[in-house]
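If you want the building blocks of each chain, they are given just below.
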Amino acid sequence: MKKLMLLFPVILLLWSCNNMNKDTVDFKVQYKPDCVYNQVMNEKTKMESKFDASPAMLQALKDKGVENPTKKQNEMTVLIALKTGRLGPQNTFPFAMEYLKTTSKDGHVEIPDSSIFYGVDTIGKIPVIDSMSSPKMSDYMKRALTSSVQNLLQESCGPEKNLKVGEQFTRESPMNMDLGGIKLQLTITTTYKLKSINAGTAAFDISQVYNLNSTITDHTFKAEGEGKGKLVYDLKNNYYRDYTVNMVLGISMDIGGLYAEINTESNIDIQTTLTQN
């Protein structure tokens, strides 16, 4: 799931907007050619896992070094640079998204430094990722991450939205989760409400609802949660400056006699600056 959080900026960069007049904002899905988008993402997480099972099964977990309950906290900073190239024939241009540096309090890095996604974008369309390079990642993981990023780009695409202050719109998108080799799909419902348009920026309130209810063979999974945050767009340059969201997610699992409850609190803050070449 953390890998998807690290890919979150991909979705957010797509939600650019133009200022049609002082009272409305027009959302579009596009990057600009010949630009550099520099991002700093800070994430703080708290997680607590509780287990309930037979004494023998709980002892087996203890023998493997699993505490009950298990509590974890982490702080992480990720530096990302997305570079777009010059506009070419048929309104196409190249782009490359590089994960420059990840600093994690627990020392664990989901996406290695210097990992780069390559692709081609077309004005008015969704970027297409065609390859990825990473010095410390298997070909299987490269293909999996490339596919995940492309899916997120596709899901974030939609009709243009023209909003007045006080209006809102809602989008639904899936998030794939991998729990011990079991692949599940969490539905995220996000509502964006335009709060104000000030000197060159548009401010939005964000609310999210997370939901999962799935049974695979004899395993039952449920998840629900919510998120609240804020989003600030630079209207002139068509990119978001600030994105902040606080999320609370609870997951329950019944896996062959082992019942687990996982509660997670996360805070994500992303700052983006744009330089035109």
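Per chain, the residues get numbers from 1 upward, laid out in the order the sequence is written. Totals for whole chains, interfaces and linings use every residue, but because this is a predicted model, local features are given only for residues with pLDDT of at least 70 and side-chain atom pairs only at 80 or more, for both listing and counting. Side-chain measures here rest on the full set of heavy atoms in the structure, leaving out hydrogens and waters.

(A) Up close: the overall build of the protein chain. Labels follow the DSSP assignment, with helices taken as runs of H or I lasting at least four residues and strands as runs of E lasting at least two, numbered in each case from the N terminus. Per the secondary structure count, the protein chain includes four helices and 14 strands. Counting the 277 residues in the protein chain, one finds 44% classified as buried. Note on contacts: a residue pair qualifies if any of its non-hydrogen atoms lie within 4.5 Å across the two residues. Intrachain contacts of the protein chain at a sequence separation of at least 6 include 58% that bridge at least 24 residues. All accessible areas in this document rest on Shrake-Rupley with a 1.4 Å probe, and a residue is counted as covered only by the protein chains that are shown. Looking at the protein chain as shown, the accessible area adds up to about 14400 Å², and 50% of this sits on carbon and sulfur atoms. Only protein chains enter the calculation, and the probe is 1.4 Å; a residue is then buried if its accessible area is under 20% of its type maximum, exposed if over 50%, and partly exposed in between.

(B) Looking closely at the side chain of Thr190. Inspection of the secondary structure assignment puts Thr190 in strand β10 (residues 182-198). Among the polar contacts listed, one links the side chain of Thr190 to the side chain of Gln208, at a separation of 3.3 Å. Leave out the neighbours within four places in its chain, and Thr190 touches Phe169, Thr170, Arg171, Ile206, Ser207 and Gln208. For this analysis, a polar contact is any N or O atom pair within 3.5 Å, provided that within protein one partner can donate a hydrogen and the other can accept it, and provided that sequence-adjacent residues contribute only side-chain to side-chain pairs.

(C) Expanded view of the nonpolar core. Judged by nonpolar contacts, the single largest core of 54 residues is most densely connected at Phe204 and Leu231. At eight residues, strand β13 (residues 239-255) tops the list of elements feeding residues into this core. Aside from chain neighbours lying at most four places away, what touches Leu231 is Tyr192, Ala202, Ala203, Phe204, Ile206, Tyr240, Asp242 and Tyr243. What we call a nonpolar core is a set of buried Ala, Val, Leu, Ile, Met, Phe, Trp, Tyr and Cys residues that are connected through their side-chain atoms within 4.5 Å.

(D) Region of interest: unusual backbone geometry. Between Asn68 and Pro69 the backbone carries a cis peptide bond, its omega angle lying at 5°. Position of Pro69 relative to the elements: it lies in the loop between α3 (55-63) and β4 (70-84). Notably, Gln90 is not glycine yet its phi reads approximately 55°, a positive angle. With respect to the helices, strands and loops of the structure, Gln90 is situated in the loop between β4 and β5 (92-104).

(E) Looking closely at a nonpolar patch on the surface. Patch membership needs two things, relative accessible area over 30% and no salt bridge, and members are linked within 9 Å if like-charged or within 5 Å if nonpolar (Val, Leu, Ile, Met, Phe, Trp, Tyr). For this document, the term salt bridge refers to a Lys or Arg side-chain nitrogen within 4 Å of an Asp or Glu carboxyl oxygen. A cluster of nonpolar residues, Val40, Leu79 and Leu100, forms a patch on the protein surface that exposes about 200 Å² of accessible area. You can see Val40 is positioned in strand β3 (residues 35-52).

(F) Structural detail: the packing of aromatic side chains. Aromatic rings from Phe, Tyr and Trp, taking only the six-membered ring of Trp, are treated as a pair when their centres fall within 6.5 Å; an angle between ring planes under 30 degrees marks them as stacked, one over 60 as edge-to-face, and anything in between as tilted. Summed over all chains, the structure comprises five aromatic pairs. Between Tyr31 and Tyr37 the ring centres are 5.9 Å apart and the planes differ by 65°, which places this aromatic pair in the edge-to-face class. For Tyr31, a relative accessible area of 4% corresponds to the buried category. Relative accessible area serves as the criterion here: at 2%, Tyr37 is assigned to the buried category. In textbook terms, an aromatic cluster arises when at least three aromatic residues are bridged by ring pairs, as seen for Tyr31, Tyr37 and Phe95.

(G) Main features of the pattern of salt bridges. In this structure the tally under the stated criterion is six salt bridges. Measuring nitrogen to oxygen at the nearest pair gives 3.7 Å for the salt bridge that ties Glu48 to Lys50. Overall, the relative accessible area of 23% leaves Glu48 in the partly exposed class. Taking relative accessible area as the criterion, Lys50 reaches 43% and is therefore assigned partly exposed. Here Lys71 ties to Glu48 by a salt bridge, and the two come within 3.6 Å at their closest N and O atoms. In this pair, Lys71 is assigned in strand β4 and Glu48 in strand β3, connecting sequence segments 23 residues apart.

(H) The environment of Glu172, seen in detail. Tracing the backbone through its elements, the reader meets Glu172 in strand β9 (residues 168-179). Residue classification places Glu172 among the exposed positions, given a relative accessible area of 58%. With residues up to four places along the chain from it excluded, the contact list for Glu172 reads Thr187, Ile188 and Thr189.

(I) Structural context of the pairing of strand β12 (residues 219-234). Pairing between two strands requires that DSSP report at least two bridges joining them. Relative to β13, β12 runs antiparallel, the two sharing 16 bridges. Bridging from a neighbouring strand, His219 pairs with Ile255 of β13.

(J) The side chain of Thr201, seen in detail. Tracing the chain through its elements places Thr201 in strand β11 (residues 201-216). In this structure Thr201 comes out as buried when scored by relative accessible area, which is 14%. Every residue in contact with Thr201, bar those within four places of it in the chain, is listed here: Ser196, Val232, Tyr233, Leu235 and Arg241.

(K) Examining the pairing of β13 more closely. Remark: four residues form the turn of the hairpin made by β12 and β13, two consecutive strands paired antiparallel; Asn238 in that turn has positive phi of roughly 60°. Where β13 and strand β14 (residues 258-276) come together, 14 bridges link them in antiparallel fashion. Pairing of Val248 across the sheet is with Glu265, part of β14. What sits between β13 and β14 in their antiparallel hairpin is a turn of two residues, with Gly256 showing a positive phi close to 55°.

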